[in-house]
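Spelled out from the first residue to the last, the chains are:
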Amino acid sequence: MMKGRTLLHWALAVVVLSAISLTGIEASAVSKQATPKDSRAGMLVIDTLSSFGKLDEKAVPFFHDTHTKALAQQGKDCSTCHVKNEKGLLSTTFKGTDGANKNDAKEQFHKNCITCHSERASAGESTGPTEASCRSCHRDAPAQSGRVSAGFDLKLHATHVNSKAIPAASGEKENCSSCHHVYDKKQDKLVYAKGEEGSCRYCHKDTAQDKTVSMQQASHTACVSCHLEKQEQKLATGPVTCEGCHDKAIQDTRKAKTAKTPTPRLMRGQDDAILLTAPGKKAEAGMGAVVFNHKAHEMVVKDCRTCHHEKIESCSKTCHTEKGNKEGGFVTLDQAMHSKTSSASCVGCHNQQKKQKQCAGCHSMIPENKAASEQNCATCHEQDTKKAGAMLKMPKAEKKAAMQQEIATREQSGGTYDLKDIPETVSIDVLADQYNAAQFPHRKIVASMLKGIEGSELANVFHTEKGTFCQGCHHNSPASLNPPRCASCHKDAVNNSASAKPGLKAAYHRQCIGCHEAMDIQKPQATACADCHTERNK
């Protein structure tokens, strides 16, 4: 009996050792398994076969930059895995898989990848998984690839426009035709249309549409092919690796180098100022017309698509009509301009700016659903309908001058009271009991906050009165150098369940602590009571 048990134990041990050995054989076929710590912008996920239905195996996390570097060390290039089309552009699909059926595509991946790995392994070189280790490729991807959008902003666009490596076409002063094109139905081909240049994303969406390839495929085919061509010509060019465009740290470094460099204006025939009006008869009456400083806005947005998110033309021309239509998603012109949540609307974009630390101290305390006042509207909209109506009928040159005068006058508003007229210190002692009065360095705080918004055209325009800035704290009082005390509204010392208003103690703490948190001010901390008001001796 004991002998039988001993044999059984040995048999189990052999099975376990065999399993461990087989696992070890499979694991040893790859030099290093990728873990979430290995994640980087050069990681792609190969799930090509998912277009044929549910995958038989897990998708493959593929470290593209690692492979391109390994190929370069062998004197090989992108043509090892990719082919060029008749125009010399590099295909983004793996060679032999474009148009192939499921089995043929699968065979192409296995044959090419495994063959390359096996050849390197035979040569004693570090390589990837071989045929004996399916799970080394087909496995869960790292949780985070660290990949961000390439971020083709106005400064990067200007770099391409000014590049000597990208010559202008014959008869053209600028090199716009090197990248921009439209589809000509009559000729059934892509052509350059001068004056119609727009964002690539106007045509190339996130996924392919009919015969129009996706933005991902269009940008990688065109950009990488161009960069490789310039590299072969020994010319200064852009990145040819995933990380070069998509790594956040690399992007931040590039942006830091050009942060103080003025962004060149991208001209496309636009005026410096535009008179925005409601459509139809309302436009003729000049009702609510807005003198819009287009030039100033160009300097602070990422690109034209920030506002013109579908096409570059008047918002109300085809998409956002007075009543809305299908093409514009039934978003009316009024909604398109005034939505508080859309980053593409005027109000929504301004609200995003208010979230910056230097602004959030005041604006985070203002209820989002607070209705706009007539003064808010008048900051942008011309209230004198006769004046606006007359401006509409002016000759172009005269109207241009009138709008520039309107903008100049508007930008002279704002500011606040002279600092010497603002109390240096305010002693908050109405609730002094366990703690001494809080000595509030009023003038110092005002000066610090004003410095934070110095040079902000947005603040300069919307802080319409000298007391507007003061209303950040004195939120329900008129704009005044001598606003009423907080206790004039918050009459109860502590919260009263019968009142919607917080008690005076809660109002002080919510206002001060809320501002510090919104502006990320570390000292004093919300829990450090004695930092603001010292504790009384017991």
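Rules behind the numbers
Residues numbered from 1 in each chain as written. Predicted model: local features only at pLDDT ≥ 70, side-chain atom pairs only at ≥ 80, totals over all residues. Heavy atoms only, no water. Helix = DSSP H or I, 4+ residues; strand = E, 2+ residues; numbered from the N terminus. Buried < 20%, exposed > 50% of the residue type's maximum accessible area, 1.4 Å probe, protein only. Contact = heavy atoms within 4.5 Å. Areas by Shrake-Rupley, 256 points an atom, 1.4 Å probe, with all protein chains shown as cover. Core = buried A, V, L, I, M, F, W, Y, C linked by side-chain atoms within 4.5 Å. Pairing = 2+ DSSP bridges. pLDDT = per-residue confidence, 0-100. 1 Å grid on protein atoms, 1.4 Å probe; cavity = no way out; pocket = protein on both sides within 12 Å on 5 of 7 lines; lining within 4 Å. Points joined across faces, edges and corners; volume = space filled by probe spheres on them. Nonpolar A, V, L, I, M, F, W, Y, C, P; charged D, E, K, R; others polar. Phe/Tyr/Trp six-rings, centres within 6.5 Å; stacked < 30°, edge-to-face > 60°. Salt bridge = Lys/Arg side-chain N within 4 Å of Asp/Glu carboxyl O.

The name given to the protein chain in an unreviewed UniProt entry is Cytochrome c7, with the source organism recorded as Desulfobaculum bizertense DSM 18034.

On to the overall build of the protein chain, then. Assigned secondary structure in the protein chain consists of 20 helices and eight strands. A burial count over the protein chain gives 24% of its 538 residues as buried. The long-range share in the protein chain, meaning contacts at least 24 apart out of those at least 6 apart in sequence, stands at 53%. With the model as given, the accessible surface of the protein chain reaches about 35,900 Å², and the carbon-plus-sulfur share is 56%.

What follows is about the nonpolar core. Among the nonpolar cores identified, the biggest contains ten residues, and these are Cys359, Cys362, Ile422, Val446, Met449, Ile453, Ala459, Phe469, Cys515 and Met519. Breaking this core down by element, the ones donating at least two residues are helix 13 (357-363) and helix 17 (442-452). In this structure Cys359 touches Gln353, Lys354 and Ile453, once residues within four positions along its chain are discounted. Ranked by size, the runner-up nonpolar core spans eight residues in total, among them Leu275, Ala289, Ala388 and Met391.

We now examine the pairing of strand 2 (residues 60-63). The alternating pattern of strand 2 places Val60 and Phe62 on one face and Pro61 and Phe63 on the opposite face, and all of these are buried. Examined bridge by bridge, strand 1 (residues 43-46) and strand 2 share four bridges and lie antiparallel to one another. Directly across from Leu44, in strand 2, lies its bridge partner Phe62.

On to the environment of His180, then. As for its position among the elements, His180 is in the loop between helix 5 (154-161) and strand 3 (182-184). The spacing of His180 and Lys194 is 14 residues in sequence and 9.0 Å in space, taken between C-alpha atoms. Aside from chain neighbours lying at most four places away, what touches His180 is His157, Tyr192, Glu197 and Gly198.

Overall, the predicted model of the protein chain reaches an average pLDDT of 84, with 89% of residues at or above 70. pLDDT under 50 marks residues 1-38. Its contacts with residues more than four places away, or in other chains, come to 27 contacts.

So, about empty space enclosed by the protein. Following the criterion strictly, the structure yields one cavity of 30 Å³ or more and no others. Considering only enclosed or pocket space, the largest cavity measures out at about 30 Å³ in volume. Lining the largest cavity are Leu275, Ala289, Val291, Glu382, Ala388 and Met391. Its residues placed into classes, the lining of the largest cavity shows five nonpolar, no polar and one charged.

Here the focus is the packing of aromatic side chains. Counting across every chain of the model gives one aromatic pair. Plain terms: the ring middles of Phe94 and Phe109 are 4.9 Å apart, the flat faces sit at 15° to each other, and that makes the pair stacked. In this pair, Phe94 sits in the loop between helix 2 (64-73) and helix 3 (102-122) while Phe109 sits in helix 3, placing the two residues 15 residues apart along the sequence. Each member of the pair, Phe94 together with Phe109, is buried.

So, on to the pattern of salt bridges. Using the criterion set out here, one finds 15 salt bridges in the structure. Salt-bridge contacts for Asp56 lead to Lys102; the nearest nitrogen and oxygen are separated by 3.5 Å. You can see Asp56 sitting in the loop between strand 1 and strand 2 and its partner Lys102 sitting in helix 3, a full 46 residues away along the chain. Residue classification places Asp56 among the exposed positions, given a relative accessible area of 58%. Assessed through its relative accessible area of 26%, Lys102 is described here as partly exposed. With a closest N to O distance of 3.3 Å, Arg201 and Asp206 form a salt bridge. Three or more residues are tied together by salt bridges with common partners; here these are Arg265, Asp272 and Glu298.

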